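Survey of secondary and tertiary structure
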Amino acid sequence: MTYKEKDFIVTRQDRLNIEELLSDETIFSLANGTLGTRGHFIEGYGTDDDPITLMNGFYNRYPFRYEENYEGFPQEGQTIVNLPDTSYIKIETEDGVIDLSNMKLTSISRSLNMLKGVSTRYVTYQSLSGHTFELIEEKILTTDKHMIITKLSITSKDYEGNIKLFSYLRLPAIRYIENTDPRLPNTRKHLELIDLENNKNNGILYAKTTNTSLYINAAISHDIDFDYQIENEQIIAFHETSLTKNKPLELTKYQLYASSLTGKDFNEAIKEIDDYIKPFDDYKQDEEKARKSFWDKTFISLSDREIEQALRYNLYQLNQSASTNHHMHIAAKGISGEGYEGHFFWDTETYMLPFFILTDPCKAKELLLYRYYKLNEAKLEAKKLGYHRGAKFPWRTINGNESSPYFPAGSAQVHINSDIALAYINYYYATKDIEFMMTYGLEIIIETALFLLEYGHFKDDQFHIYNVTGPDEYTVLVNDNYFTNKAAKEHFKFAIKFINNHDQEVKDILNRLKFTSNDFDKLKKAEEQIVLLKDETLHIVKQDASFLDRKDIDLTSLDQNKFPMLLFYHPLFLYQHQIIKQADAILALVMFNDVDHQTFKNSFDYYMKRTTHDSSLSKCIHGIAAYQIGYTDLAYEYFKKVAELDFRDNHNRTQHGLHVANLGGSYLMLLYGILGFRFSEVLTLNPVYQEQITHMKTAFTYENRHIKISIDNNHLKIEVDKPIHIHLYDQELRIDHIFETKIKKSF
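Residues numbered from 1 in each chain as written. Predicted model: local features only at pLDDT ≥ 70, side-chain atom pairs only at ≥ 80, totals over all residues. Heavy atoms only, no water.

Turning our attention to the overall build of the protein. Counting its regular elements, the protein contains 18 helices and 31 strands. In terms of overall size, the protein behaves like a compact globule, its C-alpha atoms giving a radius of gyration of 27 Å where 747 residues would be expected to give roughly 27 Å. For the protein, the C-alpha atoms occupy an extent of roughly 85 × 60 × 60 Å along the three principal directions. For the protein, the proportion of its 747 residues judged to be buried stands at 61%. Roughly 29,300 Å² of accessible area belongs to the protein as shown, and the carbon and sulfur atoms make up 46% of that amount. Between the mean site of the 84 positive side-chain charges and the mean site of the 107 negative ones, the protein shows a separation of 3 Å. (Helix = DSSP H or I, 4+ residues; strand = E, 2+ residues; numbered from the N terminus. Rg over C-alpha atoms; globule rule 2.2 N^0.38 Å. Buried < 20%, exposed > 50% of the residue type's maximum accessible area, 1.4 Å probe, protein only. Areas by Shrake-Rupley, 256 points an atom, 1.4 Å probe, with all protein chains shown as cover. Lys, Arg positive; Asp, Glu negative; His and termini not counted. Charge placed at Lys NZ, Arg CZ, Asp CG, Glu CD.)

Below you can see the structure in the form of structure tokens.
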């Protein structure tokens, strides 16, 4: 498949103030799922330099302090660690140092070529004496190595004279800033220096984390001669030459990382940097091949070019955030920033994994395995909460242990057990990978269900789950949260059916898990009797047993400058009112959609008025719901906002890192929203009649069939490479090659 390169290039022009520069650091970040680096300047900013390069899952611990400490509270926090800085080159001329602090930045142009994996920056500086300097920085982060390669070109049309280059390898700076925003990390020293090596052709730094004893090595080398020296616990490589008018000075800096997370031979691996010195253009060719493979699997075309470009960018960055190492997961900010301290949440399974299941099942499998290999920690967490069977996965974590010190909005979100189980179930539906289910999936599904069975209870022929927090973090410790219970019901239902259908094959697995016939009967009874609350007066599903009894409030009457509300209001104020942070009951209706149209519509109308969308997880779900009930103008409005949240930095929050779940959510708006796709035993599609996006094409894999779907003015076309059965508007069809029909106008 061939692509028009211009359709895959993201550009920004003359964004010169510091807020824009920091936002663009995120926008032009590069990653390979394991290593990520932000789009900081190779020459630095001069002051407050904070180049950030991160490794997925490379973390440190720090102590929590409680004035009132209780049994089972997490005693340590976890945070992703900024790696040694390999990027900085100080450029010194007779006019002074070339950077923001010493010269005037007169122009800047940036681009990200998503077909080639190259970030490019053109800048022009003017010195106090009036000379101009043009810098071109091209940067690649390699797909198959933990390596950053930066090509730098320095030109002046009017300066001739001496130029000195100081290329650094150093520990990251410690920022003495305490954040009051709970989403951001605070200042701590996390790395300690072990050793430095200055060799003829390279410099190497060895370090480890202060508390977790994870090792990180970093090395630098260049394609021109530098003198590598050790000064003040850092390596500074020096090169001096003359700059001639209109003659570029060019060099390439090679930056290699090796960690105890990525291989046992990390001390030897770092010394191989000299083996990787080859022309920058050779690396560009390698990366172009890798990107073509990705886009061939992730084809998307929309008539709305703005959403199309943003969606392509989102999926590109989402893919860069996911590792193929099952010891790593996807953090809330990916590896594009330190927000949320690099923690993994339930967002991964619910918002991100569907994309990988449908386009890259092998990567999806590795992401699922992260949870499997943290089962022991999850079982220990269940015991900390007072339960002796099953596993309770943490709400936020890196190492598998709960890292939220605030249990009402953390540990109480027991729905994460079903979120993870349902991700395994979705993978199975899409791949029919029975071996994976037998080896890993069933154990996860059973252990998470056993915990929920103990956490809940039977009363008056009903199964209840009390003292939980659903996805809405502004409503905590409630009884019978609709989403939690509905997700558990679907979770239990699959377990029952799978065991019944494979009773002989699963016998040994169930024996190993000590899952008895009594457990099976209890699971079946809980699935049948679990409470799903509805209000018969309003004809809506009830978010939980008490939400409708809380004080109502008109969100438009509040100070609109005090959002997100978690930064301005005491939690007790939030908990007292009918205020919703993000989709909760509506998320259940979107995912499971088993209520009648009027109940869905009434529920949407009711909860929408009370939802702040203070979480980036919210608008994509409300947009999907709007498509389902025929509010297509609103759905389109939300699709655009979701797609462009980071791409246009609509909330002025992108400087802290990408909202990676929202990246996945933009894909769900296309798949779940417009196409009405749902995971099930038989591929399910319920395309929506809408007139805003007149043409679209996409493709994915289901049951080992390559499926292409296109819409042209509400005419649906499905192409498959092998026969497949699908559900289309509740009618089962067999498609042998091509099927076409008009999209129903249902509303």
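Right, picking up where we left off after that structure.
Let us now look at the environment of Lys514. Mapped onto the fold, Lys514 is located in the loop between helix H11 (507-512) and helix H12 (517-529). What makes Lys514 exposed here is its relative accessible area of 65%. When the C-alpha positions of Lys514 and Pro84 are compared, they lie 47 Å apart, and in sequence the two are 430 residues distant. Those residues in contact with Lys514, other than ones at most four positions away along the chain, are Arg389 and Asp519. (Contact = heavy atoms within 4.5 Å.)

Attention now moves to empty space enclosed by the protein. Enumeration according to the criterion identifies 5 cavities of 30 Å³ or more in this entry. Within this model, the largest cavity holds a volume of roughly 50 Å³. Looking at the lining of the largest cavity, the elements that each hand over two or more residues are strand E10 (118-126) and strand E11 (132-141). For the lining of the largest cavity, the element with the most residues is E10, which contributes 3 residues. Looking at the lining of the largest cavity residue by residue, the classes come out as 1 nonpolar, 4 polar and 4 charged. (1 Å grid on protein atoms, 1.4 Å probe; cavity = no way out; pocket = protein on both sides within 12 Å on 5 of 7 lines; lining within 4 Å. Points joined across faces, edges and corners; volume = space filled by probe spheres on them. Nonpolar A, V, L, I, M, F, W, Y, C, P; charged D, E, K, R; others polar.)

Turning our eyes to something else, we now look at the sheet that holds strand E1 (residues 9-13). One open sheet holds the 9 strands; their spatial order is E1-E9-E10-E11-E12-E19-E16-E15-E14, and the pairing between them is antiparallel. Among the strands making up the open sheet, the edge pair consists of E1 and strand E14 (191-198). Averaged over all neighbouring strand pairs, the angle between strand axes comes to 15°, with direction disregarded. Bridge count between strand E9 (residues 104-113) and E10: 9 bridges; the pairing is antiparallel. For Leu105, the partnering residue across the bridge sits in E10 and is Tyr125. Sheet contacts for helix H3 (residues 280-297): E10, E11, strand E12 (147-155) and strand E19 (249-259); angle to E11, the most-contacted strand, approximately 50°. Against the sheet, helix H4 (residues 305-321) makes contact with E1 and E9, and its axis sits at roughly 80° relative to E9, the strand it touches most. (Pairing = 2+ DSSP bridges. Axes fitted to C-alpha atoms, helices over the stretch in contact; angles between N-to-C directions.)

Per the stated rule, a full pass over the model turns up 39 salt bridges. Among the ionic pairs, Glu5 bridges to Lys116, the shortest N-O distance being 3.7 Å. Of the two residues, Glu5 sits in the segment before E1 while Lys116 sits in the loop between E9 and E10, which places them 111 residues apart along the sequence. Look at Glu5 and you get partly exposed, because its relative accessible area is 33%. Residue Asp736 pairs with Arg734 through a salt bridge whose shortest N-O separation is 2.6 Å. Residue class for Arg734 comes out exposed when judged on its relative accessible area of 52%. Within this structure, Lys486, Glu490, Lys493 and Asp594 form a network of salt bridges that share partners. (Salt bridge = Lys/Arg side-chain N within 4 Å of Asp/Glu carboxyl O.)

Its location among the elements puts Ser259 in strand E19. Leave out the neighbours within four places in its chain, and Ser259 touches Met55, Phe58, Tyr215, Ile216 and Phe266.

Tallied over the full model, the rule gives 47 aromatic pairs. Ring geometry for Tyr428 and Phe498: centres 5.7 Å apart, planes at 85°, overall edge-to-face. Here the residue Tyr428 occupies a position in helix H8 (residues 415-431), and Phe498 occupies one in helix H10 (residues 482-501), the gap between them amounting to 70 residues. An identical accessibility class is assigned to Tyr428 and Phe498; each is buried. Judged by centre distance (5.3 Å) and plane angle (45°), the rings of Phe436 and Tyr440 are tilted. With Phe436 and Tyr440 both in helix H9 (residues 434-455) and 4 residues apart, the pair spans about one turn of that helix. A network of ring pairs unites the aromatic residues Tyr62, Phe64, Tyr66, Tyr70, Phe73 and Phe407 as a single cluster. (Phe/Tyr/Trp six-rings, centres within 6.5 Å; stacked < 30°, edge-to-face > 60°.)

The next subject is the side chain of Asp646. The residue Asp646 is located in the loop between helix H17 (632-643) and helix H18 (660-674) in this model. The buried charged residue Asp646 lacks any salt bridge partner; its closest oppositely charged side chain belongs to Lys333, at an N-O distance of 5.9 Å. Looking at Asp646, its side chain comes within polar contact range of the side chain of Thr654, at 2.9 Å. Not counting residues up to four positions away in its chain, the partners in contact with Asp646 are Ile27, Thr654, Gly657, Leu658, His659 and Leu663. (Polar contact = N/O pair within 3.5 Å; in protein donor to acceptor, adjacent residues only side chain to side chain.)

Our next topic: the pairing of E1. On E1, burial follows the alternation: Val10 and Arg12 on one face are buried, whereas Ile9, Thr11 and Gln13 on the facing-out side are not. Alignment of E1 against E9, held across 5 bridges, turns out to be antiparallel. Bridge pairing links Arg12 to Arg110 in E9.

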